[in-house]
Structures are given as structure tokens and as C-alpha cells.
Amino acid sequence: MITFTGVTKRYGDGKIAVDQLDLTIESGEAVMLVGPSGCGKTTTLKMINRLIEPSDGVIAIDGVDTATREVTELRRSIGYVIQQVGLFPHLTVGDNVATVMKLAKWDKDRIRARVTELLELIGLPPGEFEERLPGELSGGQQQRVGVARALAIDPLMLLMDEPFGAIDPITRDRLQDELLRLQRVVRKTIVFVTHDIDEAIKLGDRIALFSPSGKLAQFATPAELLARPASQYVEDFLGGGRMVRRLSLIRLSDVSLGGNTDGAGSESLPVDATLRDALDAVLRSPTGRVQVRDGDRAIGTVDAETIRRASQ
Ligand code: ADP
Ligand code: MG
């Protein structure tokens, strides 16, 4: 768990980059720091591993004030991934992934086994990729190696600063899906900086949205944020199509379904379909009602009223 209590960062010129931040990030959750350029996202992130020291306030990890910890040891317990990746160009993929393990003085066999495991985890088969140089990989593959390196010694948390920012939209979408898959396996506490609200909605358990002045504007789950923006600023930042985007975050398994399945038409939806899919099906159905099934078993129906109630 990471807690920020009254954290302020004032740079030398007196400029306030982060203003009185109170924020609690639970262990195992992915929190997105979002907002326009210059709102203090990177500053907030770098204060966690003390690449930047706060001017005021306390940041604690599992109750321990990070200011009291030895910096090298603190940083080793935290994986850090940045947009520019920062792979060593003259080292092979395997050696890049192994850097931190070597610093931690792991023995050769343990390093080899871990490198193999990590390359498999990120979908770059070691036989094909371990001996390559970073220059022989695509941008997306390099970014994956960056993630593997950050995970190397099994840190408690990952800090990611716009890791997919410089990558083409298709690869980016794929890397986002991979991160979601990876997170289901490794369950790290992730703090992820992005200026892209759609990326935040897709990847975040919760979103911390900052205003341009470095103040926290709202901290909420994606669904809450879309349903109840706390201010005009938040609403503007979220942009259009809020309702439709919200529907795609809610699954039929989360809502209370209608009972009688008679006359519900021949089409049916699996219970893990989203309300967005349900809305499409309901609009297509001649009866305006669609059956919902769990496996082969009919468990209820959905109609426009079900969707309206659930989306409030
Ligand atoms: P973001 O990551 O949200 O774009 P940053 O945290 O990098 O924002 O920066 C927040 C504000 O602090 C910006 O106005 C930026 O210009 C300023 N800033 C960042 N780093 C420094 C620095 N080393 N010295 C002075 N001002 C800085
Ligand atoms: Mg930044």
C-alpha cells in the first residue's frame, strides 16, 4: 500500500508541481495518474522511488515513510518503466533483463532461469530473442523487454511513466491487453502515468485525475468517474460519449436481470457480455428483450429498462 499525505512538490523557481496530495493506493491495484501535460503526473510518480524528493508531506509504503529508507534498496524493490525504455543498446535482450539481478548478486543459474521465465511471460520466446540486441527489435518488443526488466527481481510494485506513449496505436492496444493479462498473473501494485483517458479507463482499477495546477481533481474507479464526474473540469476531460463508454465497463453479471425468459426472442447473450453489447442486441431484437445465459442455462432477460436502471 502506498499513501501520500499532504505531499507537495515545489521546484526551485517556486512553481508548485504537486499541491497537497492525499492519496492511498491499495496493494495489488493499478492506479492511473491522468491529466494534461505539466499537471504533475511524472513528479508524483518519481517521488515514490525518490528520484524526486517531496518538498512537504509524507509518502509511505506499507506504513514506512520512504524518506527513512535507504534509496538503493528502495529503488530495487520498485520496478520502473519509462517511455524511452532505456535498454542498453550494446547488451543482448537477456543481459538487459538480467541487469538488476546481477546488481543484486544473484547466481548464474538463478539468473538464467529467471530470464527464461520472464521472456516467456512477456511473449518473446527466449530461443529467438534472448541473444538479440535491442536495435533488432520493434518498438513494441523493446517496450516488453523494458517491462520484463522491471519485473526482474519480483518487485512489489511497478511505476510506469507513459510506457506506451511513443508506440503506434495498434501495437499500443496490444501492449495494453498484454499488461492486463500480465497483471492478472502477477498482481503487482501498479502506478501508471498517462495523459490518455481512454488508456486509463481501460487499464485502471482506479484513476487519479489531476487538474493543470497539480491538484487532485477526482480519485475514483473508471465506472464512477464516468457516472459521476466531480466537476466541470472532470467532465470536460472525459470528453464525449461518457454513457456509451460506461456501458462497456458494466457486465450483465453485475446487474439485476429480468426473470421471465418467455418471448425473449431467439438471440441470447452470455452473462459476461457488457451492457454495451446488450444494448446493441436489445435494439436489434424484434421483442426488445434478449435472453441471458450462463453457459447453456438461461438465467434471465435484459431489456432497455434493465440497461437504463443499471447505468444510473
Ligand atoms: P506531467 O508529467 O504531468 O506532464 P511533470 O510532473 O513533469 O508533469 O511537471 C509538473 C510541472 O513541474 C510542470 O509545470 C513542469 O514544467 C514543472 N517541472 C518539472 N520538472 C521540473 C524541474 N526539474 N524544475 C522545475 N520545474 C519542473
Ligand atoms: Mg510526465
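Scroll up to find the structure.
Residues numbered from 1 in each chain as written. Chains lettered and ligands numbered in written order. Predicted model: local features only at pLDDT ≥ 70, side-chain atom pairs only at ≥ 80, totals over all residues. Heavy atoms only, no water.

### Remarks on the overall build of the protein
Here's step 1: The number of helices and strands found in the protein is 13 helices and 13 strands.
Here's step 2: Considered along the principal axes of its C-alpha atoms, the protein spans approximately 65 × 50 × 35 Å.
Here's step 3: Counting every position in the protein, which comprises 312 residues, the buried fraction comes to 46%.
Here's step 4: Taking the average place of the 39 positive charges on the side chains of the protein and the average place of its 44 negative ones, the gap between the two points comes to 2 Å. (Helix = DSSP H or I, 4+ residues; strand = E, 2+ residues; numbered from the N terminus. Buried < 20%, exposed > 50% of the residue type's maximum accessible area, 1.4 Å probe, protein only. Lys, Arg positive; Asp, Glu negative; His and termini not counted. Charge placed at Lys NZ, Arg CZ, Asp CG, Glu CD.)

### Regarding the pairing of strand E13 (residues 297-303)
Here's step 1: Sheet topology note: the strand E12 (residues 289-294)/E13 ladder contains six bridges and is antiparallel. Across the sheet, the residue bridging to Val292 is Gly300, located in E13.
Here's step 2: Connecting E12 to the antiparallel partner E13 that follows it, the hairpin turn spans two residues, and Gly295 within it adopts a positive phi of roughly 65 degrees. (Pairing = 2+ DSSP bridges.)

### Observations regarding the environment of Arg284
Here's step 1: Its location among the elements puts Arg284 in helix H12 (residues 275-284).
Here's step 2: Assessed through its relative accessible area of 54%, Arg284 is described here as exposed.
Here's step 3: Expressed as a C-alpha distance, the spacing of Arg284 and Glu267, which sit 17 residues apart in the sequence, is 9.5 Å.

### Overview of the environment of Ile2
Here's step 1: Within the secondary structure layout, Ile2 lies in strand E1 (residues 2-10).
Here's step 2: Owing to a relative accessible area of 0%, Ile2 belongs among the buried residues under this scheme.
Here's step 3: Spatially, the C-alpha atoms of Ile2 and Leu45 are 11 Å apart, while their sequence positions differ by 43 residues.
Here's step 4: The contact partners of Ile2, leaving out residues within four places of it in the chain, are Leu23, Thr24, Ile25, Ile48, Ile59, Ala60, Met157, Thr189 and Val191. (Contact = heavy atoms within 4.5 Å.)

### Digging into unusual backbone geometry
Here's step 1: Despite not being glycine, Asp154 has its phi angle at roughly 55 degrees, a positive value.
Here's step 2: Mapped onto the fold, Asp154 is located in the loop between helix H6 (139-151) and strand E7 (157-161).
Here's step 3: With phi around 45 degrees, Glu162 is a residue other than glycine that occupies positive phi space.
Here's step 4: Structurally, the position occupied by Glu162 is in the loop between E7 and helix H7 (169-186).
Here's step 5: Classification of Glu162 by relative accessible area gives buried; the value is 15%.

### Some points on the pattern of salt bridges
Here's step 1: On inspection of all chains with the given rule, the structure shows 21 salt bridges.
Here's step 2: Note that Arg172 is salt-bridged to Asp196, the shortest N-O span being 3.6 Å. Note that Arg172 is positioned in helix H7 and Asp196 in the loop between strand E8 (189-194) and helix H8 (197-203), a separation of 24 residues in sequence.
Here's step 3: The class for Arg172 is buried, based on a relative accessible area of 16%.
Here's step 4: Among the salt bridges present, the one from Asp173 reaches Lys202, with a minimum N-O distance of 2.9 Å. Here the residue Asp173 occupies a position in helix H7, and Lys202 occupies one in helix H8, the gap between them amounting to 29 residues.
Here's step 5: Assessed through its relative accessible area of 29%, Lys202 is described here as partly exposed.
Here's step 6: A single network of salt bridges, built from pairs that share partners, joins Arg172, Asp196 and Glu199. (Salt bridge = Lys/Arg side-chain N within 4 Å of Asp/Glu carboxyl O.)

Note that every value here comes from positions in space, so none of it alone points to a role or purpose.
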